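Residue strings, one per chain:
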Amino acid sequence: MRRMQIEVLELPLARPFAISRGTRTAVTVIRVTLEQNGFIGRGECTPTPRYDETPESVNAELETLRADIEAGLSRLDLQSRLSAGAARNALDCALWRLDAALAKHTLWQQCGRAQPPSVITAETLSLDSIENMAAAAADAVSRGAILLKIKLNRDEILEKVAAIRQAAPRATLIIDANEAWSGVDLPSLLNALVSYNIAMVEQPLPAGQDQALQRFAHPIPICADESCHTREDIAPLRNRYEMINIKLDKCGGLTEALAMVEEAQKCDMRLMVGCMLGSSLAMEAALPVAIAAEHVDLDGPIWLAADSSPFLSYAQGRIWL
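What counts, and where the lines are drawn
Residues numbered from 1 in each chain as written. Predicted model: local features only at pLDDT ≥ 70, side-chain atom pairs only at ≥ 80, totals over all residues. Heavy atoms only, no water. UniProt positions renumbered as here; feature names shortened; annotations may be inferred. Helix = DSSP H or I, 4+ residues; strand = E, 2+ residues; numbered from the N terminus. Contact = heavy atoms within 4.5 Å. Phe/Tyr/Trp six-rings, centres within 6.5 Å; stacked < 30°, edge-to-face > 60°. Buried < 20%, exposed > 50% of the residue type's maximum accessible area, 1.4 Å probe, protein only. Lys NZ or Arg CZ within 6 Å of the ring centre and 35° of its normal. Axes fitted to C-alpha atoms, helices over the stretch in contact; angles between N-to-C directions. Parallel < 35°, antiparallel > 145°, perpendicular 65-115°, else oblique. Left-handed = near helix turned anticlockwise from the far one by under 90°. Nonpolar A, V, L, I, M, F, W, Y, C, P; charged D, E, K, R; others polar. Domains from an automatic or database assignment. Buried area = accessible area lost by both parts, 1.4 Å probe. Pairing = 2+ DSSP bridges.

## Brief notes about the UniProt feature "binding site: Mg(2+)" (unreviewed entry) in the protein
UniProt marks Asp176, Glu202 and Asp225 with the feature "binding site: Mg(2+)" (unreviewed entry), using the numbering shown here. With the annotated positions falling across 50 residues, the maximum pairwise C-alpha distance of 9.2 Å places them together in a single cluster. Looking at where aspartate 176 falls in the secondary structure, it is placed in strand 7 (residues 172-176). Setting aside residues no more than four positions away along its own chain, aspartate 176 makes contact with Lys149, Ile150, Lys151, Leu152 and Glu202.

Encoded structure:
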């Protein structure tokens, strides 16, 4: 018999985090702990209002499976019992870690992946004034950041990018619009961004309203985030996007994320791995997927006032393993 514990935790942020949809000063996460024969597996998820999730709804989803999980429900059977989303992610990752512990394996060994010494990760620049975003970029590169992710809405796009590029002349820059560029002349904007050596633009248009992306050539690769949740979404997006962003909280865990890597490769889609705000416990579970990605954005813990075990080390633009 297994035992399952569910915790709902509010994690204060070290500083406000702003995107086009709003600003946060704390993040609520749900942690699942499974214990079996003295071995423990843990998983963490972040309920996201954008996907109609609340801490209460995710907790309720987890409780519906408590009896089956404690009776030994397998990770593979879980995939058909819960839909993709935060609840399944927490359980899936806890089961991966529990299975690894029972087999006396690391998570990397259990996934059949070779663990590298480090992984380059983006450092996110929260939406702010031109001056503050340029200052944040300068601070990030002074600490060794290699890859910067710029959160933007429709205001002062080129002005902010120009200031950030001046502050970080050698950094790789990617932009995340979080669906905010409706009504923008995208062909002209993307052509203007070329001169700033932008590596990728993420989700410029709202999910379900992105058909316009297939009507013009993209001088900069465009990545699907909110438009892409699971492997079934990938093939239909090939005419609109060059890349997909895999997030464990969107797709429902490490099991589906690994399947998405295979499907993306079959469809010749390039890969990014991202995250919601959360602790190192959540980021560590995504690392076996991240090694297959062109861009990695797993900087959630550096936004927290206090991190949680397994305490990944962030330095010089990398996650050190």
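What follows picks up the thread again.
## Focus: the packing of aromatic side chains
Under the defined criterion, the tally for this structure stands at one aromatic pair. Between the aromatic rings of phenylalanine 17 and tryptophan 303, the centroid separation amounts to 4.8 Å while the plane-to-plane angle is 80 degrees, which identifies the pairing as edge-to-face. With phenylalanine 17 in strand 1 (residues 3-19) and tryptophan 303 in the loop between strand 12 (295-296) and strand 13 (313-315), this residue pair connects regions lying 286 residues apart in the sequence. We note that phenylalanine 17, like tryptophan 303, is buried. Residue placement shows arginine 15 over the ring face of tryptophan 303; its charged tip is 3.9 Å from the ring centre. We note arginine 75 situated over the ring of tryptophan 96; from NZ or CZ to the ring centre the distance is 3.7 Å.

## Quick look at the packing of helix 7 (residues 157-167) against helix 8 (residues 186-193)
At a minimum axis distance of 11 Å, the contact between helix 7 and helix 8 shows a crossing angle of 15 degrees. For the element pair helix 7 / helix 8, the angle class is roughly parallel. Of the two elements, helix 7 crosses helix 8, and the hand of that crossing is right-handed. Where helix 7 approaches helix 8, its residues Ile157, Leu158 and Val161 are matched on the opposing element by Leu189, Ala192 and Leu193. Grouping the constituent residues of the contact of helix 7 with helix 8 by class yields six nonpolar, no polar and no charged.

## Some points on the domain arrangement of the protein
Per the domain assignment, the segments making up the protein are domain 1 (2-105) and domain 2 (118-320). Using C-alpha coordinates to define each centre, domain 1 is positioned 23 Å away from domain 2. Contact with domain 1, which involves 34 residues of that partner, is made by 39 residues of domain 2. Overall, the association of domain 1 and domain 2 removes approximately 3,000 Å² of surface from exposure, summing both partners, and the carbon and sulfur fraction of that is 54%.

## A few points about the pairing of strand 2 (residues 22-36)
In terms of strand pairing, strand 1 meets strand 2 through 13 bridges, oriented antiparallel. Opposite glutamine 5, over in strand 2, you have threonine 33 as the bridge partner. Taking the residues between adjacent antiparallel strands as the criterion, strand 1 and strand 2 are bridged by two residues. Sheet analysis places strand 2 next to strand 3 (residues 39-45), joined by seven bridges and oriented antiparallel.

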